[in-house]
Structure formats: C-alpha cells, structure tokens
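Chains, contacts and geometry: an overview
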Amino acid sequence: MEEFITTKDIHLYYGKKEALKGINLSFPAKGINALIGPSGCGKSTYLRTLNRMNDLIPSVTMTGSIMINGQDIYSPKMDTVDLRKKVGMVFQQPNPFPFSIYENVTYGLRIAGIKDKQLLDERVEQSLKQAAVWDEVKDDLHKSALSLSGGQQQRVCIARVLAVQPDVILLDEPTSALDPVSSGLIEDMLLTIRDNYTIIIVTHNLQQASRISDRTAFFLNGELIEEGKTKSVFLNPKRQETDDYISGRFG
Ligand SMILES: Nc1ncnc2c1ncn2[C@@H]1O[C@H](COP(=O)(O)OP(=O)(O)OP(=O)(O)O)[C@@H](O)[C@H]1O
Ligand SMILES: [Mg+2]
C-alpha cells in the first residue's frame with residue numbers, strides 16, 4: 001500500500017489522561033477508511049490529530065509524527081489554515097453557517113480571496129452536485145442554509161468542504177444524527193467520490209463501515225487493535241477483541 005497519510009507512535013494526553021497510546025496507522029491516497037470502536041476509545045481524538053483540531057484544546061499534549069502527502073503537518077512551518085483546507089472535516093451535527101447556501105459553499109473560497117463570480121458559481125454547482133444536494137437546492141441558493149432539513153444541511157456542509165478541493169475528508173459520525181434516507185444519500189455520495197479523495201470516517205454503524213469502506217481500523221481504549229482491508233477485518237479478524245466487537249459482544 002502506498003501511504004498518503006502516515007501517523008507514527010501518536011501519544012495524546014488530555015492533562016494527565018492518555019487518550020491515544022502509541023498509534024501507528026497509515027492510509028492510502030484514495031478510498032474510504034472506517035474508524036470503529038466503542039465510545040471513548042479515541043476515534044474522534046485521533047481524527048482531530050489529522051488536521052490539528054486538537055491544537056485548539058489547551059490541555060492537550062501530543063507526541064509522534066504525522067506526514068500527509070510528504071509533509072510533516074506538525075512542523076512549525078505548517079500553516080493550519082492551509083492544512084484544514086487540504087484536510088477538511090465534517091461533524092456529527094450539521095453545522096452550516098447562518099448564511100445562505102451559496103455563501104456557505106463559497107465561504108472557504110472567499111477567505112482565500114477568490115472573487116470571480118463565474119468561478120464561484122461553477123464551484124458551487126460542482127460541489128453541491130458532488131454532495132448530491134444540487135437538485136434539491138438549485139432553485140433557491142440564496143435562502144438560509146439553516147432552513148434546510150438536517151440531511152440537506154449535512155450535504156451542504158460536505159459541499160462546503162469539497163469546494164476548497166481538499167485531498168483528505170474527515171467525517172466524524174456524519175450520519176448518526178440523520179434519518180436513514182439522508183444517511184443512504186450520504187453513503188452513496190461517498191462511494192461516488194471515493195476515487196478522488198482520502199476519506200476517513202468514524203462510525204458506530206458497523207453495517208455502514210462494511211458497506212462503504214475499503215479499509216477498517218478498530219480502536220479500543222486508546223489503542224489501535226487491528227487494521228486492514230474491511231473484508232478481512234470483518235470476516236476474518238486477527239484479534240479476539242475485534243471479533244468480540246464486530247459480533248456485538250461489547251460496545
Ligand atoms: N476535550 C477533552 N478533554 C478531556 N478529555 C477528553 C476530551 N475529549 C475527549 N476526552 C477523553 O478522551 C477519551 C477519548 O475520547 P474520544 O472523544 O476521542 O472518543 P470516541 O472514540 O470518539 O468516543 P465516541 O464514540 O463516544 O464519540 C475519552 O476518555 C474522553 O473522555
Ligand atoms: Mg467521537
């Protein structure tokens with residue numbers, strides 16, 4: 001496997017509490033990677049190390065190294081605003097800005113100084129199409145994003161991430177607050193864009209992980225227990241703990 005993201009020996013503490021206990025994990029350049037494991041095992045914490053969102057939490061200390069596309073993202077030279085464009089993030093609760101749909105999707109581009117109306121229009125259409133929400137919103141791009149349903153808001157948030165053309169998309173339980181139809185739309189959408197991005201999705205839904213991911217990593221109590229092709233992790237787990245979790249014996 002050619003590695004696009006390589007994380008080595010990641011230890012992360014909240015104060016004195018060690019939440020990640022030496023994680024070594026890599027991801028290829030394209031495809032969908034699922035992070036699974038019981039509540040509190042460190043999935044969200046690990047995901048946030050990949051775009052330095054933990055930097056915003058004062059009690060956090062971290063050691064180890066993370067390379068993305070050949071760059072050390074914890075190097076003092078790394079600009080975290082640039083990093084978060086390249087490594088976009090979608091959260092459990094849809095979090096559109098209280099602006100129009102159009103302004104939500106163009107937000108990152110405007111921050112980057114892009115004013116060309118035609119380019120902005122094109123990028124809005126392309127991103128909303130990729131995020132499978134264009135048909136539902138195209139006639140009313142200037143209404144508030146907050147007036148949309150939760151599932152539509154989440155797809156607009158995904159379009160907002162796609163608009164700045166990231167390499168990596170991090171999703172932290174993106175469908176757990178949504179109805180099954182909206183969840184299905186988001187799963188289908190991820191499958192259509194999987195060849196163009198490194199997608200890393202945290203999910204408690206094991207069916208979702210097995211339906212859509214190429215690779216799966218199983219976390220338990222701050223450790224990476226097992227990682228590999230989704231089929232082999234689910235059908236032929238190497239570790240007893242993985243087998244127990246996947247067959248619903250805990251978590
Ligand atoms: N901001 C924080 N301050 C202190 N401790 C935290 C903070 N965020 C997480 N933790 C702790 O770190 C551990 C890992 O939490 P994390 O949120 O990464 O787990 P998770 O696997 O995402 O869980 P869930 O499935 O419930 O979302 C937990 O013990 C949690 O209580
Ligand atoms: Mg979490």
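Residues numbered from 1 in each chain as written. Chains lettered and ligands numbered in written order. Predicted model: local features only at pLDDT ≥ 70, side-chain atom pairs only at ≥ 80, totals over all residues. Heavy atoms only, no water.

As recorded by an unreviewed UniProt entry, the protein chain carries the name Phosphate ABC transporter ATP-binding protein and is attributed to Liquorilactobacillus mali KCTC 3596 = DSM 20444.

1. Considerations on the packing of helix α3 (residues 101-111) against helix α6 (residues 150-163)
One can describe the packing of α3 onto α6 by two numbers: an axis separation of 7 Å at closest approach and a directional angle of 30 degrees. Between α3 and α6, the crossing angle belongs to the class labelled roughly parallel. Every pair of crossing elements has a handedness; the one defined by α3 and α6 is right-handed. Mapping the contact onto sequence places I101, N104, V105 and L109 in α3 and V156, A159, R160 and A163 in α6. Considering only residue class, the contact of α3 with α6 consists of six nonpolar, one polar and one charged. (Axes fitted to C-alpha atoms, helices over the stretch in contact; angles between N-to-C directions. Helix = DSSP H or I, 4+ residues; strand = E, 2+ residues; numbered from the N terminus. Parallel < 35°, antiparallel > 145°, perpendicular 65-115°, else oblique. Left-handed = near helix turned anticlockwise from the far one by under 90°. Contact = heavy atoms within 4.5 Å. Nonpolar A, V, L, I, M, F, W, Y, C, P; charged D, E, K, R; others polar.)

2. Concerning the site of ligand 1
The environment of ligand 1 is formed by 15 residues, the closest being S39, K43, S44, T45 and H204. In this structure, an oxygen atom belonging to ligand 1 sits 3.0 Å away from a main-chain N or O atom of G42. Here an oxygen atom of ligand 1 sits 2.8 Å away from a polar atom, N or O, in the side chain of K43. For ligand 1, the protein covers 65% of the area, taking 630 Å² as the surface of the free molecule. (Near = heavy atom within 4 Å. Polar contact = N/O pair within 3.5 Å; in protein donor to acceptor, adjacent residues only side chain to side chain. Areas by Shrake-Rupley, 256 points an atom, 1.4 Å probe, with all protein chains shown as cover.)

3. A word on the nonpolar core
Grouped together as the largest cluster of nonpolar side chains are 44 residues, with contacts concentrated most on L128 and L190. No other element matches the six residues that α6 contributes to this core. Once residues lying within four places of it in the same chain are set aside, the contact partners of L190 are I32, L171, I199, I201 and I212. Formed by 29 residues, the second largest nonpolar core is a distinct cluster that contains M53, V87, I200 and A217. (Core = buried A, V, L, I, M, F, W, Y, C linked by side-chain atoms within 4.5 Å. Buried < 20%, exposed > 50% of the residue type's maximum accessible area, 1.4 Å probe, protein only.)

4. Some points on the pattern of salt bridges
Going through the model one piece at a time under the given rule, you end up with 11 salt bridges. Salt-bridge contacts for E241 lead to R239; the nearest nitrogen and oxygen are separated by 3.1 Å. When its relative accessible area of 27% is taken as the criterion, E241 is described as partly exposed. The class of R239 is partly exposed, set by a relative accessible area of 36%. (Salt bridge = Lys/Arg side-chain N within 4 Å of Asp/Glu carboxyl O.)

5. Notes on the UniProt feature "domain: ABC transporter" (unreviewed entry) in the protein chain
Taken from the UniProt record, the annotation "domain: ABC transporter" (unreviewed entry) applies to residues 5-246. Counting secondary structure, residues 5-246 comes out at 38% helix and 27% strand; the distance between its end C-alpha atoms is 26 Å. (UniProt positions renumbered as here; feature names shortened; annotations may be inferred.)

6. Description of unusual backbone geometry
Even without being a glycine, Q165 presents a positive backbone phi close to 55 degrees. Locating Q165 in the fold gives a position in the loop between α6 and β7 (168-172). Relative accessible area serves as the criterion here: at 43%, Q165 is assigned to the partly exposed category. Non-glycine residue N221 carries a positive phi angle of around 50 degrees. Inspection of the secondary structure puts N221 in the loop between β9 (215-220) and β10 (223-229). In this structure N221 comes out as exposed when scored by relative accessible area, which is 51%.

7. With respect to the sheet that holds strand β4 (residues 60-68)
If you walk across this open sheet you meet the four strands as β2-β1-β4-β5, and the pairing is antiparallel. At either margin of the open sheet sits one strand with a lone partner, and together these are β2 (17-28) and β5 (71-72). Two strands pair when backbone bridges link them, and β4 and β5 are joined in this way by two bridges, in the antiparallel orientation. Paired with I68 across the strands is Q71, a residue of β5. (Pairing = 2+ DSSP bridges.)

8. Focus: the pairing of strand β8 (residues 198-202)
A large share of β8 lies buried, amounting to five of its five residues. The alternating pattern of β8 places T198, I200 and V202 on one face and I199 and I201 on the opposite face, and all of these are buried. Across five bridges, the pairing between strand β3 (residues 31-36) and β8 is parallel. What sits directly across from I32, in β8, is I199. Across five bridges, the pairing between β7 and β8 is parallel. Each bridged residue has a counterpart across the sheet, and for V168 the counterpart in β8 is T198. Handedness of the β7-helix α7 (residues 180-193)-β8 crossover: right-handed. (Right-handed = clockwise from strand over helix to strand, strands pointing away.)

9. As for the packing of aromatic side chains
Counted according to the given criterion, the structure contains six aromatic pairs. Here the aromatic rings of F27 and Y46 are separated by 6.5 Å at their centres, their planes lie at 45 degrees, and the arrangement is tilted. Remark: Y46 occurs in helix α1 (residues 43-49) and F27 occurs in strand β2; sequence separation between them is 19 residues. Considered together, F27 and Y46 belong to a single accessibility category, that of buried residues. A ring pair is formed by F218 and Y245, whose centres lie 5.1 Å apart and whose planes are at 20 degrees; its orientation type is stacked. In this pair, F218 sits in strand β9 while Y245 sits in helix α10 (residues 240-246), placing the two residues 27 residues apart along the sequence. (Phe/Tyr/Trp six-rings, centres within 6.5 Å; stacked < 30°, edge-to-face > 60°.)

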